[in-house]
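# Architecture at a glance
Next come the chains, spelled out residue by residue.
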Amino acid sequence: MPCIRLVNVTKQFSKGARAVDGLNLTIEDGDFVSLLGPSGCGKTTTLRMIAGLEMPTEGDIYFDDKCVFSAEKGINVSPDKRGVGFLFQNYALWPHMTVRQNIAFGLENMKWEKTKIESRVREICGIMRIAEYVDRYPAELSGGQQQRVAIARTLAPNPRALLMDEPLSNLDAKLRNDMRAELKRLHMTTGATFVYVTHDQSEAMTLSSKICLMKTGVLQQYCPPLELYGEPCNMFCADFMGNPAMNFVECTGTPQADGGIELKAASFDVVFHPAEGDLKGAGRITAFEGGRCVLGIRPEMVKIVDEGGIEGKVISSLPTGMDTVLALDTRGITLSAVAFGRIDYTMDSMVRFQFEGDYAVLFDKDSTERFALGSLEIL
Ligand code: ATP
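To keep things clear, this report deals only with the structure shown in the data block. (Residues numbered from 1 in each chain as written. Predicted model: local features only at pLDDT ≥ 70, side-chain atom pairs only at ≥ 80, totals over all residues. Heavy atoms only, no water.)

## Examining the nonpolar core
Applied cut-off: The nonpolar core is taken to be a set of buried Ala, Val, Leu, Ile, Met, Phe, Trp, Tyr and Cys residues, with the residues joined through side-chain atoms within 4.5 Å. Only protein chains enter the area calculation, which uses a 1.4 Å probe; residues under 20% of their type maximum are buried, those over 50% are exposed, and those in between are partly exposed. Going along the chain from the N terminus, every DSSP run of H or I of four or more residues is numbered as a helix, and every run of E of two or more is numbered as a strand. In what follows, a contact means two residues having at least one pair of non-hydrogen atoms within 4.5 Å.
Counting 33 residues, the largest nonpolar core has Ile103, Ile130, Ile151, Leu183 and Phe194 as its most contacted members. A total of five residues in this core trace back to one element, the largest contributor, which is helix α4 (residues 143-155). Non-local contacts of Leu183, meaning those with residues more than four positions away in its chain, are made with Phe32, Ile151, Met164, Leu168, Phe194, Tyr196 and Leu207. Among the nonpolar cores identified, the runner-up in size contains 30 residues, and Ile261, Phe268, Ile297 and Leu335 belong to it.

Listed below in structure tokens is the structure:
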């Protein structure tokens, strides 16, 4: 049964453009959905509308089969009756209360029985691995421990969904990584539905079961992270996911008799072999003739080889120990490449590279939509 369903939800603030525009989104029970996109794309507004903290201008919101908001029918269930937990960036624990008191406070307000509160606090502290700190005050805890208490406090009443707005952004890089792993484990152990706002594509990639990628209030693609990375529906999605970003090379395309498309870029020619079943209608190939298109090549497809392939000049080489990110110039086109392993390249040296793998993406230059996925053969 779907847990949260948004139907044609639009939010127009009195000043400015639509913050969220006709959003249709179904979050299944037990999903970990990230709302992802650049600053101002409507992530927080969407989350706040789900929580009931913001009223949509149009549309309906359902929790299971129950309508919690309908602009047309005049339904608006208040936030405290929606049964969701909300975790903000500034998680503000009560400084004068111990960890135990911070967690118990909400349950007392909900008139839970004392023994039930005690056992729930014990249980949730065990899950969040904060049992040894229950008698400490927030000031006596590290940032990561405080964050775990804040999550425990939000999870204590067993919310049907946990809504989180950039909850890790105040933590340093190492702690952020640790907390990501904790959140993923927590999602598995609680089986709850998580909705998570972030502008960090790698956070969304690593955590979510599905990503909802938005741009200026409009949903671009909603699917599992690896699908979004490998099969982006347009150039915006392709560009937003991945670091280093996908290479975009402008080409003109000519269909060939065997189903391939010959692509001429400024400094090299390749044949694009569409993956089987990814032609989106054979008619589109004809429409493509002489057509301007954009070839998307992930940096990990650009493979340094000893001989053959295309020649490129190393403009930069950034080794991390695990891999090295290269910028290669090939007669005016600059390509990012990733070489795996402990390896460095001399600046301004010449190298040769091939295109490996079958996840090159061909985009329509005008609409920026994906035309096909496929592999590349250098001519
Ligand atoms: P960020 O990553 O920067 O937090 P976001 O994707 O969460 O951004 P929102 O906070 O949802 O974006 O804002 C979406 C748009 O709505 C923005 O253009 C923002 O300026 C506008 N907006 C948000 N809240 C209000 C408000 N109370 N009044 C007017 N405009 C608002």
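Moving on, there is more to tell.
## Brief notes about the pairing of strand β8 (residues 161-165)
As a reminder, the rule being used: Here a strand pair is declared whenever DSSP counts at least two bridges between the two strands. The definition of a right-handed crossover adopted here requires that, viewed with the strands pointing away, the path from the first strand over the helix to the second runs clockwise.
With respect to burial, β8 is a largely interior element, five of its five residues being buried. Side chains Ala161, Leu163 and Asp165 of β8 all project onto a buried face; the interleaved residues Leu162 and Met164 project onto the opposite face, where all are buried too. Summarising the sheet, strand β7 (residues 84-87) and β8 pair through four bridges and their orientation is parallel. For Leu87, the partnering residue across the bridge sits in β8 and is Met164. Bridge count between β8 and strand β9 (residues 193-198): five bridges; the pairing is parallel. Directly across from Asp165, in β9, lies its bridge partner Val197. Each parallel crossover has a hand, and for β8 linked through helix α5 (residues 173-190) to β9 it is right-handed.

## Comments concerning the pattern of salt bridges
The test is simple: We define a salt bridge as a contact between a side-chain nitrogen of Lys or Arg and a carboxyl oxygen of Asp or Glu at a distance within 4 Å.
Taken as a whole, this structure holds 19 salt bridges when the rule is applied. With a shortest N-O distance of 3.8 Å, Glu58 and Arg18 are connected by a salt bridge. Here Glu58, found in strand β4 (residues 58-63), pairs with Arg18, found in strand β2 (residues 18-28); they are 40 residues apart in sequence, far enough to count as distant. Given a relative accessible area of 36%, Arg18 falls into the partly exposed group. Ionic pairing is found between Arg185 and Glu182, a salt bridge with its closest N-O pair at 3.5 Å. In this pair, Arg185 and Glu182 are both assigned in helix α5, three residues apart and thus about one turn of the helix distant. Classification of Glu182 as buried rests on a relative accessible area of 12%. Overlapping salt bridges, with partners in common, bring together Arg129, Arg148, Glu182 and Arg185 in one network.

## A closer look at the packing of aromatic side chains
Operational definition: Aromatic rings from Phe, Tyr and Trp, with only the six-membered ring used for Trp, were paired whenever their centres fell within 6.5 Å, and each pair was classed as stacked if the ring planes differed by under 30 degrees, edge-to-face if by over 60, and tilted otherwise. Over a ring means this: the NZ of a Lys or the CZ of an Arg is within 6 Å of the ring centre and within 35 degrees of the ring normal.
Evaluation of the coordinates by the stated rule reveals seven aromatic pairs. Where Phe32 meets Tyr196, the ring centres are 5.8 Å apart and the plane angle is 55 degrees; that geometry is what we call tilted. You can see Phe32 sitting in strand β3 (residues 32-36) and its partner Tyr196 sitting in strand β9, a full 164 residues away along the chain. Across this residue pair, the class does not change: Phe32 and Tyr196 are buried. Each residue in the set Phe32, Phe194 and Tyr196 is aromatic and connected to the rest through ring pairs, giving one cluster. Here Arg5 stacks its cationic end above the ring of Tyr62, 4.4 Å away from the centre of that ring. Lying over the aromatic face of Tyr229, Arg298 brings its terminal NZ or CZ to 3.9 Å of the ring centre.

Distances and angles like these do not, on their own, reveal function.
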